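Okay, here's what each chain looks like letter by letter:
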Amino acid sequence: MLFRSVTGIFTGTSFTVGLITTLFNSGADGTEDGFVAKFDASGSPLWAVGFGGATTDDAYGVAMDGSGAVYLGGRFASNAITLGATTLTNTVQGGLSFDGLVAKFSASGTPIWARAVTGNGDETVTSIAATTAGEIAAAGWGTADTSFYLGNSEFRLKRNRSN
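Residues numbered from 1 in each chain as written. Predicted model: local features only at pLDDT ≥ 70, side-chain atom pairs only at ≥ 80, totals over all residues. Heavy atoms only, no water.

1. A few points about the overall build of the protein
For the protein, the count of helices and strands is zero helices and 15 strands. Counting every position in the protein, which comprises 163 residues, the buried fraction comes to 43%. Look at the contacts in the protein between residues 6 or more apart in sequence, and 49% of them connect residues 24 or more apart. Accessible area for the protein stands at about 8,100 Å²; split by element, carbon and sulfur atoms hold 53% of it. (Helix = DSSP H or I, 4+ residues; strand = E, 2+ residues; numbered from the N terminus. Buried < 20%, exposed > 50% of the residue type's maximum accessible area, 1.4 Å probe, protein only. Contact = heavy atoms within 4.5 Å. Areas by Shrake-Rupley, 256 points an atom, 1.4 Å probe, with all protein chains shown as cover.)

2. Things to note about the pairing of strand S10 (residues 99–105)
Regular strands show a simple pattern: their side chains alternate between the two faces of the sheet. When you tally the buried positions in S10, you get seven out of seven residues, the bulk of the element. The two faces of S10 match: Asp-99, Leu-101, Ala-103 and Phe-105 on one face and Gly-100, Val-102 and Lys-104 on the other face are all buried. Inspection of the sheet shows S10 paired to strand S11 (residues 111–119) by six bridges, in the antiparallel sense. Of the residues in S11, the one forming a bridge with Gly-100 is Val-117. Counted between consecutive antiparallel strands, the loop separating S10 from S11 contains five residues, among which Gly-109 sits at a positive phi close to 100°. (Pairing = 2+ DSSP bridges.)

3. Describing the packing of aromatic side chains
The geometry of an aromatic ring pair is captured by two quantities: the separation of the ring centres and the angle between the planes. Evaluation of the coordinates by the stated rule reveals three aromatic pairs. With 6.1 Å between their ring centres and 35° between their planes, Trp-47 and Phe-105 make a pair best called tilted. Placement of the pair is Trp-47 in strand S5 (residues 45–51) and Phe-105 in strand S10, with a sequence separation of 58 residues. Accessibility expressed as a relative area gives 8% for Trp-47, which makes it buried. When the ring of Tyr-71 is compared with that of Trp-113, the centres are 6.5 Å apart and the planes differ by 55°; the resulting orientation is tilted. In this pair, Tyr-71 sits in strand S7 (residues 70–76) while Trp-113 sits in strand S11, placing the two residues 42 residues apart along the sequence. Since its relative accessible area comes to 2%, Tyr-71 is described here as buried. Over the face of the ring belonging to Phe-98 we find Arg-75, whose NZ or CZ atom lies 3.6 Å from the ring centre. (Phe/Tyr/Trp six-rings, centres within 6.5 Å; stacked < 30°, edge-to-face > 60°. Lys NZ or Arg CZ within 6 Å of the ring centre and 35° of its normal.)

4. Description of the environment of Val-49
Within the element layout of this structure, Val-49 appears in strand S5. Residues Val-49 and Val-17 lie 32 residues apart in sequence; the distance between their C-alpha atoms is 9.7 Å. Sequence-distant contacts of Val-49, defined by excluding residues within four places in its chain, comprise Leu-23, Gly-34, Phe-35, Val-36, Phe-105 and Gly-109.

5. Thoughts on the nonpolar core
Within soluble globular proteins, side chains that are nonpolar tend to cluster in buried spots. Counting residues in each nonpolar core, the largest one holds 16 residues, and the members touching the most others are Leu-72, Leu-101 and Phe-105. Where this core is concerned, the elements lending two or more residues are S5, S7, strand S8 (80–83), S10 and S11. Grouped together as the second largest cluster of nonpolar side chains are eight residues, Ala-63, Ala-69, Tyr-71 and Val-102 included. (Core = buried A, V, L, I, M, F, W, Y, C linked by side-chain atoms within 4.5 Å.)

6. Notes on the pattern of salt bridges
Across all of its chains, the model carries one salt bridge by this definition. Among the salt bridges present, the one from Asp-58 reaches Arg-75, with a minimum N-O distance of 2.9 Å. In this pair, Asp-58 is assigned in strand S6 (residues 57–64) and Arg-75 in strand S7, connecting sequence segments 17 residues apart. On the basis of relative accessibility, which here comes to 0%, the residue Asp-58 falls in the buried class. The buried category is assigned to Arg-75, whose relative accessible area is 14%. (Salt bridge = Lys/Arg side-chain N within 4 Å of Asp/Glu carboxyl O.)

7. Comments concerning the pairing of S6
Bridging between S6 and S7 involves seven bridges; their strand directions are antiparallel. Bridging across to S7, Ala-63 finds its partner in Tyr-71. Turn length for the S6-S7 hairpin, with the two strands adjacent in sequence and antiparallel, is five residues, and the turn residue Gly-68 shows positive phi of about 90°.

Below, the structure written as structure tokens:
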């Protein structure tokens, strides 16, 4: 069976995906929260998960691996957001800066893990890709040096400028 996943941003107090899931905005009305949803081949929604905090939190990229697990890329300005059992804390408190995020959801929509992409400025994960074996690649941008932690591994991206 073929499945499709989508991701995006919603404002307002709530957002309904098909007939099955209503997501509630965790910030004030008018702030952005992110979501990821999975649909079957006929376009019927299977599940949807929202995330966000008190300020702007966005979802931009989505991918699916061979097992049906779904990967999400985005950013958050809220002081903290929680996906499943993982709470990500923004390195600059007060909603003044974005940290990027990458998260994995099971084929049934349960959050498995989430990681922050952090630095001294804004960081955003704009796209993500997954192999059938579950290996992922993420792309995005940052305004300063950036760190990305996955388990026991740390990846550092250094921005070099001549001007």
